Every structure is written in C-alpha cells, then in structure tokens.
Amino acid sequence: MPPRHLDAPVPHAEEVLVSQKRVACDGGGGALGHPLVYLEMGEDDSVECTYCDRRFVLAAAAEDDSHYLDPAARPPESH
C-alpha cells in the first residue's frame, strides 16, 4: 500500500441529527453496510458508530426515551 501523505485532507464522517438518545445504525444498508447495531448516548449528546464512524447527534428538540425511533430505518421489503 502506498504511504498516505500527511497533508492530505481526511474526509469527515457523516453526521446524523436524531431526536432520541437510542439509535440504530446499519451503515446505510446494501453492499456497503454493516450489521445492524444499537447505540446509546448515555449522558452525552452524541454517539459514534464503531463500524462506519457515523456520528449521531441529539437535536435540540429531543423527545423522551419512552419510544424508539430508528434513524436507520429500512423499507419493509429489505428485512
């Protein structure tokens, strides 16, 4: 593998704005996706997926944790 130039810019990871502290990530699905993982922010206002580095950031108008919204929702036919 050729060496990476230290002055080459590294692209930023995708940032997803969410309304819940519990999120799910599948890397976007398809051939470039990864296994579905569930992430919990805990006391923080963001969490990063360890597979794809997608960063989930809690929106200012966040909902309570009594119900779950899946930001990585897929159409029913893909399940």
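In what follows, the structure referred to is the one given above.
Just so we're clear, the structure is a prediction, and the values are computed from it rather than from any experiment. (Residues numbered from 1 in each chain as written. Predicted model: local features only at pLDDT ≥ 70, side-chain atom pairs only at ≥ 80, totals over all residues. Heavy atoms only, no water.)

J.: Which residues make up the overall build of the protein chain, and what are the values?
T.: Secondary structure summary: the protein chain contains zero helices and five strands in total. Ordered by position from N to C terminus, the α and β elements of the protein chain give β-β-β-β-β. For the protein chain, the residues scored as buried account for 27% of the 79 residues in total. Long-range contacts, defined as pairs at least 24 residues apart, comprise 50% of the intrachain contacts of the protein chain with a sequence gap of at least 6. Of the roughly 5900 Å² of accessible surface on the protein chain, a fraction of 56% belongs to carbon and sulfur atoms. (Helix = DSSP H or I, 4+ residues; strand = E, 2+ residues; numbered from the N terminus. Buried < 20%, exposed > 50% of the residue type's maximum accessible area, 1.4 Å probe, protein only. Contact = heavy atoms within 4.5 Å. Areas by Shrake-Rupley, 256 points an atom, 1.4 Å probe, with all protein chains shown as cover.)

J.: Can you break down the pairing of strand S3 (residues 37–40) residue by residue, with the values?
T.: The side-chain alternation of S3 yields one buried face, formed by Val37 and Leu39, and one unburied face, formed by Tyr38 and Glu40. Pairing geometry for strand S2 (residues 22–25) and S3, over four bridges, is antiparallel. Residue pairing for S3: Ala24 is matched across the bridge by Tyr38. (Pairing = 2+ DSSP bridges.)

J.: Tell me what's going on with the nonpolar core, and back it up with residues and numbers.
T.: Formed by Val16, Val18, Val23, Cys25, Val37, Leu39, Met41, Val47, Cys49, Phe56 and Leu58, the largest nonpolar core amounts to eleven residues. Mapped onto this core, the elements with two or more residues apiece are strand S1 (15–18), S2, S3 and strand S5 (55–58). Setting aside anything within four residues of it in sequence, one finds Val47 in contact with Val23, Leu39, Glu40, Met41, Arg54, Arg55 and Phe56. (Core = buried A, V, L, I, M, F, W, Y, C linked by side-chain atoms within 4.5 Å.)

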